[in-house]
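# Geometric and topological summary
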Amino acid sequence: MKSNNDGMDSLRSSESGAALVMVLVITILLGTAAISLLSAAGASARNSTDVVSETKAYYAAESGIQAAVNALRNNGPSNGPVNYKLAVNNFTNGGNLSAYGLTYVTCDGTQRVTVDGSCENSYAVVVKDPDNSQSALGFGTAASFRPADVTGSFAANRTFASGVVLGFTPATTALAFDAGNPTRTTSLGTFTLTGVGAMDTATDFRIDYRLALPGTPGWVIIGTVSTAGAVNVLSSKYVVSGSEIEICGNNTSCGTVSSASPLSISAVVAPREPSRLLVTSKGFGPNRSNKVLEAIIQKTPLDGANSVSPFSMLGPCAEVGNPTNTAVFDAGTSNTTTYSGASSGGVNAPAFAFNAQCNLTTAEAYIAQYLTPNGQNQAPQVSPPPEYFDTGQLPEWQRSPLQMESKIQLYRARAQFLGTYYNPHPGPKITNPGYVAGQTGPNTNVTFCEGDCTVDGDLGGGILVVTGKLDSLGGFGFRGLIIVTGPNGWERKGGGCGEITGNVVISPYTSSNLSSNVFTLPPKYEITGGGCSGVSYANLDDLFEGENSALTNFIQGVAEK
């Protein structure tokens, strides 16, 4: 008979190795968990390392954008802004900024700028012209002639007593530029004589030169054709949207008009200087990480802001619907007050511009009575004489209330950002608007007065916008652009010899003008004190390129690629 112990022994025999299996299973599970934990910890460490590396690369790219802005703003001639044509190496449409203060080294076969001397903390910056401004330029021309005398209006041709007719065949031209042809010499059109006879008097002409760009910016070329057929222009140089033009080379004579040999008036035309740049900055960090940032940098908010004259008075002779509210042109009576359209860059523009013939006539009569030379050796106080410009011959932003308001809104926003927006201005006056104490010259920022504004001082500069009446005291001086849109215009009070250098635009409008998009208010300018204050013309881009200015080379936007 078997005992119960034999059964237990049999059961235990069948369980042999079970504990080992359990131990192995648990060990495997624990090992797997440990491996997972270790893997997770390792991945977390790697992720942390990657985040740190990519963050360093991002900041390196950001440093590249800021370094490019600083170089473009401060490392040009005389420590001023860099010309954008030079920044993009002219027609290569891209380049680095090694010529403007950024020191490049070779890292892994690429040209970079190191932040701390290490290739693992560096950036590569390339600038390009996103608008391809320099490769091509198109323009068209049209001309008109004064038919009889210096007070007559202009017409398509001039018929002389002899029966001969002076006319003009316009030019429509598309120019291509490249590294071998940085400028082009081309015809602006051809003067023609038809019929038999002689020109018995000199003839004034106006050639309307327009670029084939949005807004059709342009310039009116003013000159005369003498009885001998010699053509003389008021200015041989001018700048349209950054495109430089030089007519006939010397502003003396372009040749002779004859029926057998018509005269083609020619010019040397340069492509536009880019108004903005695309800056691409690739930042490099540890572990071969990299980040790419792109930024659009605009040269100045002045793009397209230059006027056809140092002093533009735009609007009708009297308020529409209120004939008693008339334009005011009281430009002073002192024999030391001067208005000059001659700029240091060689451009000559009419001293005053009007878009209403009746206001031009009023100004001419005033100038003849009060601002003519008082001696044989005295230069004209107003030179060149004022001119009429029709709406299409004005800069785009001066052609309608809505277009002007668009420009004003840009300056309003800029002033609000800079903290120089006054609504109203906080005291009895603003002394030296745009100037910052301790600087050697004006800080060309935007000063914006919502409503009436009183200013004084002779160190102001930049852009001054007044949507009410502008009162200036004593010898108020300013370098830059002054825009007055208030119905009561600008009154200069007191003596002094402050000089305005740049552009002045007086063009009043209100909210009702915006709804109708028609200017109905007359411009007003009045000097109620003596002194020698005047206005002289300057191309605004050229003027501000001479300043170390926060207004130049500002970032419009940044994107990560």
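Sequence order as written defines the numbering, with residues in each chain counted from 1. Note on the predicted model: pLDDT of at least 70 is required for a residue's local features to be given, and 80 or more for side-chain atom pairs to be given and counted; whole-chain, interface and lining totals, by contrast, use all residues. In computing side-chain values, all of the structure's heavy atoms are included and hydrogens and water are not.

## Side note on the state of the cysteines
What counts as a disulfide here is a pair of cysteine sulfur atoms lying within 2.5 Å. Counted under the stated rule, the structure contains three disulfides. The partner cysteine of Cys107 in its disulfide is Cys119, sulfur to sulfur 2.0 Å. Where Cys107 bonds to Cys119 through sulfur, the torsion about that S-S bond is close to -65°, and the disulfide is left-handed. Taken together, the residues Cys107 in strand β1 (residues 105-107) and Cys119 in the loop between β2 (110-114) and β3 (122-128) connect sequence positions twelve residues apart. For the exposure calls, accessible area comes from a 1.4 Å probe over protein chains only, and a residue counts as buried if that area is under 20% of its type's maximum, exposed if over 50%, partly exposed in between. Judged by its relative accessible area of 33%, Cys119 is partly exposed. Cys449 shares a disulfide with Cys453; S-S distance 2.3 Å. Residue Cys449 is classed as buried on the basis of its relative accessible area, which comes to 0%. Strands here are runs of E lasting at least two residues and helices are runs of H or I lasting at least four, both read from the DSSP assignment and numbered beginning at the N terminus.

## Comments concerning unusual backbone geometry
Cis geometry marks the peptide bond from Ser383 to Pro384, where omega comes out at -10°. Among the secondary structure elements, Pro384 is positioned in the loop between β23 (382-383) and β24 (387-388). Cis geometry is found at the peptide bond from Asn423 to Pro424, where omega equals -10°. Relative to the elements of secondary structure, Pro424 occurs in the loop between β25 (421-422) and β26 (430-431). Of note, the phi angle at Asp108 is positive, near 50°, even though the residue is not glycine. Residue placement: Asp108 occurs in the loop between β1 and β2. A positive phi angle, close to 50°, is found at Asn132, a residue other than glycine.

## Some remarks on helix α5 (residues 401-418)
In this model α5 runs 25 Å from its N-terminal to its C-terminal C-alpha over 18 residues, within 8% of the 26 Å that 1.5 Å per residue would give. Residues of α5 that are buried include every one of Pro401, Met404, Glu405, Lys407, Ile408, Tyr411, Arg412, Arg414 and Ala415, and no others. Gly419 occupies a position one or two residues after α5 and carries a positive phi of about 80°. Multiply 1.5 Å by the residue count of a helix minus one, and that product is the helix's expected span.

## Examining the environment of Asp178
Tracing the sequence through the fold places Asp178 in the loop between β7 (172-176) and β8 (184-194). Along the sequence, Asp178 and Ser135 sit 43 residues apart, while their C-alpha atoms lie 6.3 Å from each other. A distance of 2.9 Å separates a polar atom in the side chain of Asp178 from the backbone nitrogen of Gly180. For Asp178, the side chain forms a polar contact with the main-chain nitrogen of Asn181, separated by 2.8 Å. For this analysis, a polar contact is any N or O atom pair within 3.5 Å, provided that within protein one partner can donate a hydrogen and the other can accept it, and provided that sequence-adjacent residues contribute only side-chain to side-chain pairs.

## Section: the side chain of Thr173
Tracing the chain through its elements places Thr173 in strand β7. Among the residues examined, Thr173 registers a relative accessible area of 18% and is labelled buried.

## Looking at the nonpolar core
Across soluble globular proteins, you tend to see nonpolar side chains buried next to one another. Think of a nonpolar core as a cluster: buried Ala, Val, Leu, Ile, Met, Phe, Trp, Tyr and Cys residues, connected wherever their side-chain atoms sit within 4.5 Å. If you look at the biggest cluster of nonpolar residues, it comprises 35 residues, and the most contacted ones within it are Leu166, Leu188, Phe191, Tyr209, Tyr238, Ile247 and Ile265. Ranked by size, the runner-up nonpolar core spans 32 residues in total, among them Tyr366, Ile430, Val504 and Tyr525.

## What to know about the side chain of Ser53
Mapped onto the secondary structure, Ser53 falls in helix α2 (residues 18-74). A distance of 3.4 Å separates the side chain of Ser53 from the backbone oxygen of Pro286, its partner in a polar contact. When residues no more than four places from it in sequence are discounted, the contact partners of Ser53 are Gly285, Pro286, Asn287 and Ser289. By definition in these notes, contact holds between two residues if any of their heavy atoms fall within 4.5 Å.

## Concerning the pairing of β3
A large share of β3 lies buried, amounting to five of its seven residues. Note: two strands are recorded as paired if DSSP finds a minimum of 2 bridges between them. As judged from the two bridges shared by β2 and β3, these two strands associate in the antiparallel manner. Within β3, the residue paired with Val113 across the bridge is Tyr123. Here seven bridges tie β3 to strand β15 (residues 276-284), and the two strands are oriented antiparallel to one another. The residue bridging Ala124 from the neighbouring strand is Lys282, located in β15.

## What to know about the pattern of salt bridges
Criterion for a salt bridge: a side-chain nitrogen of Lys or Arg within 4 Å of a carboxyl oxygen of Asp or Glu. Counted under the stated rule, the structure contains 14 salt bridges. With a closest N to O distance of 2.9 Å, Arg276 and Asp131 form a salt bridge. With a gap of 145 residues between them, Arg276 in strand β15 and Asp131 in the loop between β3 and β4 (136-145) connect regions that are remote in the sequence. Its salt-bridge partner being Asp204, residue Arg146 comes within 3.0 Å of it at the nearest N-O pair.

So yeah, pure geometry; function would need other evidence.
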